[in-house]
Amino acid sequence: VVEIMGGVLGRTVASDHNFFEVGGESLQGALVVTRLRQRLGVKVTLGDLFEHPTVGQLVSFLISAPKTAPVSGGRPTENLKLSVMQENRFLRVTRGLRQGRPPFQVLVPFGIEVVGQTDDEDIAAAVRTVIAGHDALRTGFRIEAGTDTVTPFVVPAADVELSVPVVAVPGLDDAARVRYAERQLASMAALPMAFDSPPLMRASIHRFAPDHAVLLV
C-alpha cells in the first residue's frame, strides 16, 4: 500500500499519512484504487479510500475486504427525468436543431497534471474507474426528432467504452507545455458532442516526459 500510494503521489508516504492531506486528489485516488485491485485482488472503491485515507487505516480495511467483484453499474435507470436546468438547456438544443443550427452545448474542459513515474494505461484505467462509479458520467440524452422531447438514460458501467489516446509531446519547456495544453483544451471544447453516446466526455493523455504528463478532459 505504501508503494502504491507513494508511486501515485511521487513522494515517500508513511503509515500515518493521510492520502488527501499530502497531495492526493480524486483522480489520483482512483489510480490508487485501480492498482490496489490489480495488485491485491480485493474489492476496494474510491469511497473506501475517502473513509480510510491513511495507509494504516486502509491496510486494516483491506485485510478483511472481499475479493474483487465487477462494478455493478449503478441504480435503476427507468423513468429518469430532466432537471429544470436541463430542460431549459435542451430547449435551446432542440429548437436549434429544428432551425438547422448546430447543437448548443456547454463543455467544461480541464487538465490534470500527473507528476511522477506513471503508466499511461493506469491513468486511463483511473478515468474509467471514476466513470464506472458515477451514474451521472454515464448518462446520455435521446432527442426525439422534430420535437422538444428529451429522454435521459444511463448506460451500465460494463457497457461504457472510452478511448484515452496517448500523445507524446517531448522537448517543451514548462511555459510551452502550458500553452500547448491550453490550445488542446480549446480544440477539444470546439468539437461537437453526441448527446446519445455516453460518456459525454473526451479524455487524452499528453506525455511530456517519463515523469510528467497531463490528462486533458
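The structure reproduced in this document is the subject of the present report. (Residues numbered from 1 in each chain as written. Predicted model: local features only at pLDDT ≥ 70, side-chain atom pairs only at ≥ 80, totals over all residues. Heavy atoms only, no water.)

Some details on the pattern of salt bridges
A side chain of one charge can pair with a side chain of the opposite charge when the charged atoms of the two come close. Under the definition given, this model contains six salt bridges. Between R177 and D174 there is a salt bridge whose closest N-O contact spans 4.0 Å. Placement of both R177 and D174 in helix 7 (residues 174-190) is noted, with a separation of three residues, approximately one turn of the helix. Here R177 falls in the buried class, since its relative accessible area comes to 14%. (Salt bridge = Lys/Arg side-chain N within 4 Å of Asp/Glu carboxyl O. Helix = DSSP H or I, 4+ residues; strand = E, 2+ residues; numbered from the N terminus. Buried < 20%, exposed > 50% of the residue type's maximum accessible area, 1.4 Å probe, protein only.)

A closer look at the packing of helix 1 (residues 2-9) against helix 2 (residues 26-40)
Closest axis-to-axis distance for the helix 1/helix 2 pair is 10 Å, and the angle between their directions is 145 degrees. Our pair here, helix 1 against helix 2, has a crossing hand that is right-handed. Residues E3, I4, M5, G7, V8 and L9 of helix 1 pack against Q28, L31, V32, R35, L36 and R39 of helix 2. Taken together, the residues of the contact of helix 1 with helix 2 break down into seven nonpolar, two polar and three charged. (Axes fitted to C-alpha atoms, helices over the stretch in contact; angles between N-to-C directions. Left-handed = near helix turned anticlockwise from the far one by under 90°. Contact = heavy atoms within 4.5 Å. Nonpolar A, V, L, I, M, F, W, Y, C, P; charged D, E, K, R; others polar.)

Structural notes on the packing of aromatic side chains
Applying the stated criterion across every chain yields a total of three aromatic pairs. A ring pair is formed by F20 and F50, whose centres lie 4.4 Å apart and whose planes are at 5 degrees; its orientation type is stacked. Remark: F50 occurs in helix 3 (residues 46-51) and F20 occurs in the loop between helix 1 and helix 2; sequence separation between them is 30 residues. By relative accessible area, F20 is classed as partly exposed at 24%. Here Y180 and F208 contribute two aromatic rings whose centre-to-centre distance is 6.1 Å and whose plane-to-plane angle is 80 degrees, an arrangement assigned as edge-to-face. Highlighted residues: Y180 in helix 7 and F208 in strand 5 (residues 204-209), separated in sequence by 28 residues. (Phe/Tyr/Trp six-rings, centres within 6.5 Å; stacked < 30°, edge-to-face > 60°.)

With respect to the nonpolar core
Core analysis: the biggest nonpolar cluster contains 39 residues, and M5, V32, L36, L49, V127 and L215 have the highest contact counts within it. Breaking this core down by element, the ones donating at least two residues are helix 1, helix 2, helix 3, helix 4 (55-63), strand 1 (111-115), helix 6 (120-132) and strand 6 (212-216). Looking at which element gives the most residues to this core, the answer is helix 2, with six residues. Once residues within four sequence positions are removed from consideration, V127 is found in contact with L27, L162, M201 and L215. Counting residues in hydrophobic clusters, the runner-up holds eight residues, among them A181, L185, M188 and L216. (Core = buried A, V, L, I, M, F, W, Y, C linked by side-chain atoms within 4.5 Å.)

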